[in-house]
Structure formats: C-alpha cells, structure tokens
Amino acid sequence: MESIGLRELSHHTARVVARVRDGETIQVTDHGKPVLRLVPENPQHLGWRERLIAAGELIPATDPTPFATPLVVADPGRSVSDALSEMRDQERW
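About the criteria used
- Residues numbered from 1 in each chain as written.
- Predicted model: local features only at pLDDT ≥ 70, side-chain atom pairs only at ≥ 80, totals over all residues.
- Heavy atoms only, no water.
- Buried < 20%, exposed > 50% of the residue type's maximum accessible area, 1.4 Å probe, protein only.
- 1 Å grid on protein atoms, 1.4 Å probe; cavity = no way out; pocket = protein on both sides within 12 Å on 5 of 7 lines; lining within 4 Å.
- Points joined across faces, edges and corners; volume = space filled by probe spheres on them.
- Helix = DSSP H or I, 4+ residues; strand = E, 2+ residues; numbered from the N terminus.
- Salt bridge = Lys/Arg side-chain N within 4 Å of Asp/Glu carboxyl O.

*Asks:* Can you walk me through unusual backbone geometry in this structure?
*Replies:* Negative phi values dominate among residues other than glycine, just as trans dominates among peptide bonds. In this structure, H31 takes a positive phi of about 55 degrees despite not being glycine. Classification of H31 as exposed rests on a relative accessible area of 77%.

Listed below in structure tokens is the structure:
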C-alpha cells in the first residue's frame, strides 16, 4: 500500500481517485502520520491479502528483510535436527 501526503491528495485528487478505482489502496498522511485510507468501493476483484489490508484487518510488514538467516545444511544426507544440535553444541563452548 502506498502512502501519499495530504497535500499531494489535494493537488492530484482525480489521479489518486482513478488509482483507487482501479483497485489500489492508498494511505493518506498528514505530516507523516496516517490519517485515512482510500480503498476501492467494491474490492471483490482483490485477492484475500488485499481485501484484508483494505478492511484494516492486516497491516503489511514495513521491514522487507527476512525473519532470520536461513539454515543451510551443506550435506544433503544430513538432517536439519543434526545440524541444529551441532550448532547448539558449538555455542556452549
């Protein structure tokens, strides 16, 4: 979801409304703080995620980084459990 300032909305209202009409949800900010959300009147064409965002039931993550560094097991015959056990043993010393 894109955020725009209140000033931009007032200067480009028709353009912003056209984007919302095409299915986009836009958050409007005043001095950097969210004040309202423009959502399509009939979001039936949106996917489940977009519908939840439009309804305010889901707030998308703002940090694009992954949750954690993925564990890479070099030996394909080795189980993840064994690799984790070895890592834990190494941390103890």
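Now, onward.
*Asks:* Mind showing me how you'd approach the layout of surface pockets here?
*Replies:* One simple way to see leftover space: roll a probe sized like a water molecule over the atoms. Roughly 270 Å³ of volume is contained in the largest pocket. What lines the largest pocket is a set of 16 residues, among which M1, E2, R49, I53 and P60 lie closest to the centre. In terms of residue count, the dominant contributor to the lining of the largest pocket is helix α3 (residues 48–54) (three residues).

*Asks:* For this particular structure, what's the right way to read the pattern of salt bridges?
*Replies:* Once their charged atoms are close, side chains differing in charge can pair, the charge on each being opposite to the other. Summed over all chains, the structure comprises three salt bridges. In this structure, E24 engages R19 in a salt bridge whose closest nitrogen and oxygen atoms are separated by 2.6 Å. Take E24: its relative accessible area is 29%, and that puts it in the partly exposed class. Relative accessible area serves as the criterion here: at 23%, R19 is assigned to the partly exposed category. For R78, the salt bridge identified is with E86, shortest N-O distance 2.3 Å. The exposure class of R78 is partly exposed, given its relative accessible area of 29%. Several salt bridges converge on common partners, so that one network encompasses E2, R19 and E24.

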